[in-house]
Amino acid sequence: MSERNVLGGELETCGVDPMTGFHRDGTCTVGPHDAGLHAICAVMTEEFLAHQASVGNDLATPRPEWHFSGLTPGDRWCVVAVRWLQAYDAGLAAPVVLAATSERALEVVSLDVLRRHSVDVPPDLSALE
């Protein structure tokens, strides 16, 4: 059975440029081998990237040896749920795409907190008119 998103629906793609996910398949699918729970689809901000670097999780520096070009503001990336919560506690949480965030994130962060940082756009944009 495939993982669902935090809203109970099909887990959508988080990002493919750069290719994200523990499995580098573009989704925040956790599966049985991802002990870190790379479950939250976050939209990078300067503040979030700086905070992560300050706590030893440098996501901005390119690492060619790992085929990683480094992240910039606006990139969507599957982040470790505990790391996102750490930034949230510091007042620097990155925006979250709920439809692309694995339900496994709820083991660490409440849906209410994730919703407060949601930036989802509905598939049918006519609802926004």
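What comes next is a walk through the structure. The shown structure was predicted, so the numbers you read here are calculated from the model rather than taken from an experiment. Every chain is numbered independently, its residues counted from 1 as its sequence is written. Side-chain atom pairs in this predicted model are given and counted only at pLDDT of 80 or more, local residue features only at pLDDT of at least 70, and totals for whole chains, interfaces and linings cover all residues. The side-chain quantities take in all heavy atoms of the structure and omit both hydrogens and water.

When you go through the protein residue by residue, the secondary structure sums to three helices and two strands. Along its sequence from the N terminus, the protein presents helices and strands in the succession β-α-β-α-α. Each radius of gyration is computed over the set of C-alpha atoms, and the globule rule expresses the reference value as 2.2 Å times the number of residues to the power 0.38. Its C-alpha atoms give the protein a radius of gyration of 14 Å, within 12% of the compact-globule value 14 Å for 129 residues. With respect to the principal axes defined by its C-alpha atoms, the protein has extents near 40 × 30 × 30 Å. Note on classification: 1.4 Å probe, protein chains only; a residue is buried when its accessible area is under 20% of the maximum for its type, exposed when over 50%, partly exposed between these limits. Put simply, the protein has 129 residues, and 40% of those count as buried. For the protein, the share of sequence-separated contacts (at least 6 apart) that also reach a separation of at least 24 residues comes to 66%. Runs of E in the DSSP output that reach at least two residues are strands. Runs of H or I that reach at least four are helices, and both are numbered from the N terminus. Residue contacts are defined here by distance: any two heavy atoms, one from each residue, within 4.5 Å place the two residues in contact.

In this fold, Ser102 is placed in the loop between helix H2 (81–89) and helix H3 (111–116). By relative accessible area, Ser102 is classed as buried at 0%. Apart from the residues lying within four places of it in its own chain, the contact partners of Ser102 are Glu3, Arg4, Asn5, Val6, Leu11, Cys28, Val30 and Ala39.

A few words now on the layout of surface pockets. If you add up the space inside the largest pocket, you get close to 320 Å³. Lining of the largest pocket is provided by 15 residues; of these, Arg24, His38, Asn57, Leu59 and Trp77 occupy positions nearest its centre. Looking at which element gives the most residues to the lining of the largest pocket, the answer is strand S2 (residues 76–79), with three residues. Basically, the charged four are Asp, Glu, Lys and Arg, the nonpolar ten are Ala, Val, Leu, Ile, Met, Phe, Trp, Tyr, Cys and Pro, and anything else, Gly included, counts as polar. Residue composition of the lining of the largest pocket, grouped by class: eight nonpolar, three polar and four charged. In this analysis, the protein atoms alone were mapped onto a 1 Å grid. Cavities are point sets where a 1.4 Å probe fits without being able to get out; pockets are open sets with protein on both sides within 12 Å along at least five of seven lines; lining residues have an atom within 4 Å of a point. Grid points are joined across faces, edges and corners, and a volume is the space filled by probe spheres set on the points.

Here is the rule: rings of Phe, Tyr and Trp (six-membered ring for Trp) pair when centre to centre is within 6.5 Å. Planes less than 30 degrees apart are stacked, more than 60 are edge-to-face, and the remainder are tilted. Within the structure shown, the criterion is met by two aromatic pairs. Ring geometry for Phe68 versus Trp77: centroids 5.5 Å apart, planes at 55 degrees, classification tilted. Given a relative accessible area of 12%, Phe68 falls into the buried group. The exposure class of Trp77 is buried, given its relative accessible area of 7%.

Turning our eyes to something else, we now look at helix H1 (residues 46–54). Since the α-helix advances by 3.6 residues per turn, residues separated by three or four positions end up pointing in the same direction. What H1 keeps buried is the set Phe48, Leu49, His51 and Gln52. Looking straight down H1, one finds that the buried residues subtend no more than 160 degrees of arc, so they occupy a single side. Residues Glu46 and Ser54 are exposed on H1 and point more than 90 degrees away from its buried face. Where H1 is buried, its residues touch S2 and H2. Remark: Gly56 follows H1 within two positions and exhibits a positive phi of approximately 90 degrees. As used here, the arc is the angular range of directions from the helix axis to the C-beta atoms.

The working definition used for a salt bridge is a side-chain nitrogen of Lys or Arg within 4 Å of a carboxyl oxygen of Asp or Glu. Under the counting rule described, the total for this entry stands at two salt bridges. A salt bridge links Glu107 to Arg104, with the nearest nitrogen and oxygen atoms 2.5 Å apart. Here Asp112 makes a salt bridge to Arg116, at a shortest N to O gap of 2.9 Å. Taken together, the residues Asp112 and Arg116, both in helix H3 and four residues apart, mark about one turn of the helix. Since its relative accessible area comes to 52%, Arg116 is described here as exposed.

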